[in-house]
Amino acid sequence: MKKKIQGLLLIAVLSALPAAAQRKNIDQKVDSVLKLMTLEEKVGQMNQYNGDWAATGPITKDGDKQNQIRQGKIGSMLNVTGVDHTRTLQEIAMQSRLKIPLLFGQDVIHGYRTIFPLPLGEAASWDIEAIERSARVAATEASAVGIHWTFAPMVDIARDPRWGRVMEGAGEDPYLGSLIATARVKGFQGKGLGNVDAVMACGKHFAAYGAAVAGRDYNSVDMSLRQLHEVYLPPFKAAAEAGAATFMNSFNDLNGIPATGNKYLQRDLLKGQWKFNGFVVSDWGSVGEMINHGYSKDNYEAAMQASNAGSDMDMESRSYIQHLVKLVKEGKVKMAVIDDAVRRILKKKFEMGLFDDPFRYCNEQREKAQWNNEANLQASYDMAKKSIVLLKNDPVNNLGFRALPLKENPAMWMQGNTSTKIALIGPLVKSVKDHLGFWSYDWKDDTARIKTLWDAVKLKAEPGAELLYAKGSGIMDTSRAGFAEAVNVASQSNFVIMYVGEERVFTGEAKSKSNIHLPGVQEELIKAVMATGKPVIVIIGAGRPLIFNWTAEHVPAILYTWWLGTRGADAIADVLFGDYNPSGKLPISFPRAEGQIPIYYNHYNTGRPAANDSDMNYVSAYIDLRNSPQYAFGHGLSYTKFAYSDITLNKKTIRPGDKLEAKMTVTNAGKYDGEEVVQLYIRDRVGSVVRPVKELKGFQKVWLKKGERKVITFTLTVEDLRFYNEQLQYVYEPGEFNLYIGGSSADVKEVSFQIVK
Ligand code: NOJ
């Protein structure tokens, strides 16, 4: 008891100190602990093991973990959850000689108990505050069950939807990706480490993991330093600047050097130039995997290379615990390297308040209060609605009316006493778990809170409508046996809602695909149902952009709904019926064929650009396919229509210190209140190195009532127009620029201006 009071006093005194004094205070404490530590204990802090309850990688059997904790040989564990488990292990850590508390880490990626949309789905909201809130809720729930540290956000840029982990990031754009990285770090860490509801964030996977050759997970990455700095690193830099407590390195090699053993990335850039003061954890087993890469002869050499390169903690490869002591004794790894790593790790443990009270995250009451928390559920519901993208909403069969929204659409409904028949068709209509997506382990036994689309639509449509159901096919089926029933059900209905897509486990870690077409015979099923002539709405659930060209061309109404989490089906039903007007915009380009990949809006112009999509005459084009994506970055419709005026600039030339103001009026010219993401792009016409045809430099999400108009102003300075020149200096150059504003990267108004000396 006395010890606890002392701890509390210490926290009170510490929080009363100014930040600089607190930092100094913590540094002194770290040093005083470090002085007491043996080399073996130091190496123990750099060692992380998986717990015995769940695994997110190839597990090494080991019945001796508790004993090793007692001996001070483990600094952190992953996949240990629940107050009871974390408490048990922390109690054992308190039996070790120096009583250094354990850190418990876990992949809390898009919610913990209350599941939020996939990160890629959330990115489609372009709603930075909502994204921060989502991370905040996840942290509040996770911290309540003893978790100190999440292995998120994944801030890898992804231009390749074959890559399974495309679902875990913010898409293809470095500007949007950086804002989202910042929001997620802030959300996870809340008011700062030391608050009991803060979990340490982890910027991962450092670096360029998203550019795996051919989209195959864990594959090599080969890219120019320009592309690395210009496209792949900005979200990492943003995460570091936002104060991410930790970083995780990556499985891939980058230009021949495995990221885990990469000194340039970890020491020179991250800890050097960016002054990152947290610690770097390896990815699962990635220290040992340097042997497979052909970079290390054995685990001994791998431990030497990784630690010297700045990888502070070894997740699960056991190379550090087995070899670092010997490596130091043999002079292959300097004591200063070990001390630096341990200092970084201990510092975070102090900042988290764990030395004051190792059990401060273990509180059964708090755990219970976060379980089934209504406010959290509401936040996930809100995020789910914001993440939905309306890809298409054309008039049905040229009948002159659109199928969506269903409500207030008399042409879709029977009048008088006859009830409307709605056919729900497709393999996902009655699915429960798929709504959760990949990386959702701790929703456990939560089926009561998750509705199927069938139930959510029924709630809205009844009474007055009768629902009919046919599965049509399974997700991966090659058989058309269920088509007849589907066609029969569709024929009896007034309109059809189809819910097709992937299974939730088709995108995620180790889930790369060579074929990203709508799986199985689902597109054939859509064709068969469309042939009935009924109005058809297609909803596509998936973790990645899929290819569905026939559907895109022929089906009048298409919603892309990723995996939206615990309240996913309710959110979809709200959008279908018009209780929520969709406002999501794609954070990634949707290809027409795998052959176009990598496909991204901010590409270079080339020396022979195609004049348009049908130009194939000795230009940079395919002879069998258009260049453009099926759906462009930034695309997403609303039930209302937004009209953009021309752009006006306050000046045609700018110098350093000037502010360029670009104004335009957006009018809600449609029938519904709604929200629009107004996007600003630039193009540097001539540079000392070639520049992309468009680069996102700003956006604003604006809410407009029906008939309302608003003047939108963007401000740019020369600082916003910088890029990496040939020497990789971050500079702006005088010259002409185009400036574009619009509702998608492919639909913009244009003006030009100049930077002058
Ligand atoms: C491997 C994944 O690449 C990484 O993102 C994750 O955090 C670890 N496994 C731990 O589960």
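Since we're looking at a predicted model, the values are computed, not measured.

About the thresholds
- All residue numbers refer to positions counted from 1 along the written sequence of the respective chain.
- Per-residue local features are limited, in this predicted model, to residues with pLDDT of at least 70; the limit for side-chain atom pairs, both in listing and counting, is 80 or more; totals at the level of whole chains, interfaces and linings are taken over all residues.
- Water and hydrogen atoms play no part in the side-chain values, which are based on all heavy atoms of the structure.
- Helical segments are the DSSP runs of H or I of at least four residues, strand segments are the runs of E of at least two, and each set is numbered from the N terminus.
- Exposure categories follow from relative accessible area, calculated using a 1.4 Å probe and restricted to protein chains: below 20% of the type maximum is buried, above 50% is exposed, and the middle band is partly exposed.
- When checking whether two residues touch, look at their non-hydrogen atoms; a contact exists if any pair is within 4.5 Å.
- Note: two strands are recorded as paired if DSSP finds a minimum of 2 bridges between them.
- By convention a nonpolar core is built from buried Ala, Val, Leu, Ile, Met, Phe, Trp, Tyr and Cys residues, the set being connected through side-chain atoms within 4.5 Å.
- Where each domain begins and ends follows an automated or database-derived domain assignment.
- When a carboxyl oxygen of Asp or Glu is within 4 Å of a side-chain nitrogen of Lys or Arg, the pair counts as a salt bridge.
- With axes taken as lines fitted to C-alpha atoms, and helix axes fitted only over the stretch in contact, angles between N-to-C directions fall between 0 and 180 degrees.
- We call a crossing left-handed when the near helix sits turned anticlockwise from the far one by less than a right angle, and right-handed when that turn is clockwise.
- Charged residues are taken to be Asp, Glu, Lys and Arg, nonpolar residues to be Ala, Val, Leu, Ile, Met, Phe, Trp, Tyr, Cys and Pro, and polar residues to be all remaining types, Gly included.
- Near, as used in this document, describes a residue that has one of its heavy atoms within 4 Å of the molecule or strand being considered.
- A 3.5 Å cut-off defines polar contacts: any pair of N or O atoms within that distance qualifies, except that in protein one atom must be a possible hydrogen donor and the other a possible acceptor, and neighbouring residues in sequence count only when both atoms are side-chain atoms.

(A) Broad picture of the side chain of Asn376. Secondary-structure assignment places Asn376 in helix H17 (residues 374-387). You can call Asn376 buried: its relative accessible area is 7%. Those residues within four positions of Asn376 in sequence are excluded, and the remaining contacts are Thr114, Phe116, Val137, Glu141 and Gln370.

(B) Examining helix H10 (residues 234-241) more closely. Those residues of H10 not exposed but buried are Pro235, Phe236, Ala238, Ala239 and Ala240. With its phi angle positive at about 95 degrees, Gly243 sits one or two positions after the end of H10.

(C) Focus on the pairing of strand E16 (residues 557-560). Of the two faces of E16, the one carrying Ala557 and Leu559 and the one carrying Ile558 and Tyr560 are both buried. By the bridge criterion, 4 bridges tie strand E11 (residues 389-393) to E16 in an arrangement that is antiparallel. Along E16, the bridge assignment pairs Asn393 with Ala557. Pairing between strand E15 (residues 536-541) and E16: 4 bridges, direction parallel. In the strand pairing of E16, Val538 is matched with Ile558.

(D) Representation of the nonpolar core within the structure. If you look at the biggest cluster of nonpolar residues, it comprises 174 residues, and the most contacted ones within it are Phe247, Ile425, Ile497, Phe548 and Leu576. Tallying contributions element by element places helix H15 (residues 335-351) first for this core, with 7 residues. Residue assignment places this core across two domains, with domain 1 (80-92 + 105-369) and domain 2 (382-587) each supplying three or more. Once residues within four sequence positions are removed from consideration, Ile425 is found in contact with Ala470, Lys471, Ala486, Val489, Ala490, Val496, Ile497, Met498, Tyr499, Leu525 and Val529. Tyr644, Leu660, Leu739 and Val751 belong to the second-largest nonpolar core, a separate cluster that totals 25 residues.

(E) Representation of the pattern of salt bridges within the structure. For the structure shown, the criterion picks out 46 salt bridges. With its nearest N and O atoms 2.9 Å apart, the salt bridge here joins Asp31 to Arg343. Of this pair, Asp31 sits in helix H2 (residues 19-36) while Arg343 sits in helix H15, placing them 312 residues apart in sequence. You can call Asp31 partly exposed: its relative accessible area is 29%. A relative accessible area of 35% means that Arg343 is categorised as partly exposed.

(F) Focus on the packing of helix H19 (residues 483-492) against helix H20 (residues 522-530). As a packed pair, H19 and H20 sit with axes 9 Å apart at the nearest point and diverge in direction by 35 degrees. Considering the relative orientation of H19 and H20, their crossing is right-handed. When H19 is examined against H20, the residues Phe483, Ala486, Val487 and Ala490 are found in contact with a partner set consisting of Glu524, Leu525, Ala528 and Val529. Considering only residue class, the contact of H19 with H20 consists of 7 nonpolar, no polar and 1 charged.

(G) Geometry of the site of the ligand. Near the ligand you find 13 residues, and of these Thr56, Asp107, Arg165, His205 and Asp283 are the closest. Interatomic distance of 2.7 Å between a side-chain N/O atom of Lys204 and an oxygen atom of the ligand. The contact in question runs from an oxygen atom of the ligand to an N or O atom on the side chain of Asp283, over 2.5 Å. Taken together, the residues of the shell around the ligand sort by class into 6 nonpolar, 2 polar and 5 charged.

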